[in-house]
Amino acid sequence: MNHISRTFCLVWLLAALAAGCGESKTDPPAPSVQVPALEPAPGTFVRLTQAQYLSAVTQLLGDGLRLPVRLEPDARSSGFIAVGAATTTISGRGVEQYESAAYDLAEQVVSDPNRVKVLLPCDTRDLACATTFVETFGRRAWRRPLTADEVSRLVALHTQAADTLGGFEQGLQYVLAAILQSPNFLFRVELGTGSDARRPLDGYELATRLSFFLWNTIPDDALLDAAASGELVTDEGLEAQFQRMIEAPQARTGVRQFFSDLYELDRLDGVTKAPELFPHISEDFGPSAREETLRVIEALVFEDEDFRDVLTTRKTFLNRKLAAVYDVPTPAREGFGAYEFPESSLRRGILGHSSFLALWAHPVSTSATLRGMFIQQKLLCRTIPPPPAGVDTSIPEPSGTTPTLRDRIAEHLEEPACAGCHQITDPTGLAFENFDGIGRYRKSDNGAPLDTSGVLDGEAFTGPVELAAHLRDNPEFGNCLSRRLVNYATSHGEYFGESTDIVALGDAFKASDYRVLALVKLVVMSDAFRLAGVPE
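Throughout what follows, the structure given in this document is the object of discussion. (Residues numbered from 1 in each chain as written. Predicted model: local features only at pLDDT ≥ 70, side-chain atom pairs only at ≥ 80, totals over all residues. Heavy atoms only, no water.)

Quick look at the overall build of the protein
Piece 1. From N to C terminus, the protein includes 24 helices and ten strands.
Piece 2. Split into buried and exposed, the 536 residues of the protein put 52% on the buried side.
Piece 3. Considering only contacts within the protein whose residues lie at least 6 apart along the sequence, 70% involve residues at least 24 apart.
Piece 4. Here the protein has roughly 23,700 Å² of accessible surface; of this, 52% comes from carbon and sulfur atoms. (Helix = DSSP H or I, 4+ residues; strand = E, 2+ residues; numbered from the N terminus. Buried < 20%, exposed > 50% of the residue type's maximum accessible area, 1.4 Å probe, protein only. Contact = heavy atoms within 4.5 Å. Areas by Shrake-Rupley, 256 points an atom, 1.4 Å probe, with all protein chains shown as cover.)

Structure representation (structure tokens):
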């Protein structure tokens, strides 16, 4: 294309995508608006997250290994672990942990003849076999072909270790450990090629970004082959690989990982609540709450439904633990079963789930501020400034005149330094006061009736059901999701050079009737996904 922006054609491309499901009566006119070329975010190195590391070694070495539990911790930046991975490096302690993990994994592999047989591409135990192993395994682990010098050095390591320790497998162990602790394995390279400000990712960089975006793990051989042939850097080749990958079972893992990162569901593993106040809390509470939300999201995405229904649906999936928390019949004797809340219930969508209600609350109480921040920041992409330095942010304790949280917040708002932020967050957060700190329904707070009414952007609501409906229809919800999907896919936060293209993606998402898989495809085909700027 000259530059009528590729991304500004997304709305029109979407009509063609939709036509794949049925016949289109008319062809949409080509857009004629000329817009500035996208200025891509700087190219960078992206460290594998803990989940990606564990998935990668499992893909490379097979199931059933004793996986490391101590690795460099993930860090969240711009709301995402995926972005934090591009803004942090590896500490000295982390280097030691990756080294220890690499040797332990390698030792487990070589001590199992069946694993060795699967990994080795040859039956002989000679230099040629070692060379072939380094080339084939190294390509999969480092997501690109190894250079001649890299192959030579790893083969020399194998020869030296085998001669010293007296066996081919011992040499293999040291080669495996070297490959798995190398920066070439631990970091994704997304620098692009060329010297100008719009640097296309090469085939292997694009294969890596695509695989971690869609599957949250390393590329398979078919994707690496497409990179090697040059097919992947063409529109047709990239679209073909996208279609193949999105239809694979691993795509469900990728979708789950995005939404888990977006909504911070990983934090449910460490959620703490006072057991004397919340007797339903237990070790399986957090994982159960996360699974409910991810199953609802997964169903909407892969059944190609309007994703805005995630805020208003009464359908969910419950196990015994959550059925007890919600005080409803258990839909399945074991595991999770489908359940639909009655129309009279106040639970709607993920905002009625324990994942949201418990995570965005305090260990001993609810929190209108935290729940409101989730809505403003995670669902609508709005910025909430931090409180001024030195300001007491604590809410007053209940008293005879202020028994409910709404009463205590009203008292807190008398402090001018607190009023600005709390007036943004708390009106929406108070809508969920009928649910306690783990999401159990309650009618009152300290014996006083609850008022869950409020106003969002000039729209009045009487409680969580009406608020959920307002949020569903708020155009910022769809636009926010498209923005966050780009941030996640490219491992960087908001970047001014992409703003016009991201607006176009939001328009395209709306034109698709808010189908997430259509949006994912458009992100993959966009310049923002395929280009990198000059590294900083």
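A closer look at the packing of helix α10 (residues 203–214) against helix α11 (residues 221–229)
Piece 1. As a packed pair, α10 and α11 sit with axes 8 Å apart at the nearest point and diverge in direction by 150°. Relative to α11, the element α10 lies roughly antiparallel. Note on packing geometry: the crossing formed by α10 with α11 is right-handed. Contacts between α10 and α11 involve G203, Y204, A207, L210 and S211 on the former and, on the latter, L223, L224, A227 and A228.
Piece 2. Considering only residue class, the contact of α10 with α11 consists of seven nonpolar, two polar and no charged. (Axes fitted to C-alpha atoms, helices over the stretch in contact; angles between N-to-C directions. Parallel < 35°, antiparallel > 145°, perpendicular 65-115°, else oblique. Left-handed = near helix turned anticlockwise from the far one by under 90°. Nonpolar A, V, L, I, M, F, W, Y, C, P; charged D, E, K, R; others polar.)

Comments concerning the packing of aromatic side chains
Piece 1. The full count for this structure, using the stated rule, is 22 aromatic pairs.
Piece 2. When the ring of Y53 is compared with that of F185, the centres are 5.8 Å apart and the planes differ by 65°; the resulting orientation is edge-to-face. Taken as a pair, Y53 in helix α2 (residues 50–61) and F185 in helix α9 (residues 183–186) lie far apart in primary sequence, 132 residues in all. F185 carries the same exposure label as Y53, and that label is buried.
Piece 3. When the centroid spacing of 6.2 Å and the interplanar angle of 25° are considered together, the rings of F80 and F258 count as stacked. Residue F80 is located in the loop between α2 and α3 (81–87), and its partner F258 is located in helix α13 (residues 250–262); the two are separated by 178 residues in the primary sequence. (Phe/Tyr/Trp six-rings, centres within 6.5 Å; stacked < 30°, edge-to-face > 60°.)

Some thoughts on the state of the cysteines
Piece 1. Taken as a whole and assessed by the stated rule, the structure comprises two disulfides.
Piece 2. Paired by a disulfide, C122 and C129 hold their sulfur atoms 2.0 Å apart. The sign of the 85° torsion about the S-S bond sets the C122-C129 disulfide as right-handed. When sorted by exposure, C122 lands in the same class as C129, which is buried. (Disulfide = S-S within 2.5 Å.)

Notes on the pattern of salt bridges
Piece 1. Going through the model one piece at a time under the given rule, you end up with 37 salt bridges.
Piece 2. The shortest N-O distance in the salt bridge between D149 and R153 comes to 3.1 Å. With D149 and R153 both in helix α7 (residues 148–165) and four residues apart, the pair spans about one turn of that helix.
Piece 3. We classify R153 as exposed; its relative accessible area is 52%.
Piece 4. R382 is the salt-bridge partner of E476, the closest N and O atoms lying 2.7 Å from each other. One end of the pair, E476, is in helix α21 (residues 475–490); the other, R382, is in the loop between α17 (368–379) and α18 (405–412), and 94 residues separate them in sequence.
Piece 5. What makes E476 partly exposed here is its relative accessible area of 31%.
Piece 6. It is possible to trace a salt-bridge network through shared partners that takes in R76, D261, E264, D266, R267 and K378. (Salt bridge = Lys/Arg side-chain N within 4 Å of Asp/Glu carboxyl O.)

Overview of the pairing of strand β4 (residues 315–318)
Piece 1. Of the two faces of β4, only one is covered, namely that formed by T316 and L318; the face formed by K315 and F317 stays uncovered.
Piece 2. In this sheet, strand β5 (residues 337–340) lies alongside β4 in antiparallel orientation, the contact comprising four bridges. Paired with T316 across the strands is Y339, a residue of β5. (Pairing = 2+ DSSP bridges.)

Description of α17
Piece 1. Taking 1.5 Å per residue, twelve residues should reach 16 Å; α17 reaches 16 Å between its end C-alpha atoms and fits that length.
Piece 2. The element α17 is largely enclosed, with a buried count of nine among its twelve residues.
Piece 3. When we look at burial in α17, the residues that qualify are A368, T369, R371, G372, F374, I375, Q376, K378 and L379.
Piece 4. A positive phi of about 60° marks C381, the residue just after α17. (Expected span 1.5 Å × (residues − 1).)

Observations regarding unusual backbone geometry
Piece 1. Unlike most non-glycine residues, D304 shows phi in positive territory, near 60°.
Piece 2. Position of D304 among the secondary structure elements: in the loop between α14 (285–302) and β4.
Piece 3. On the basis of relative accessible area, D304 is assigned to the partly exposed category, the value being 33%.
Piece 4. Positive phi is not limited to glycine here, since N446 has a value of about 55°.
Piece 5. Among the secondary structure elements, N446 is positioned in the loop between β6 (444–445) and β7 (448–449).
Piece 6. For N446, a relative accessible area of 51% corresponds to the exposed category.

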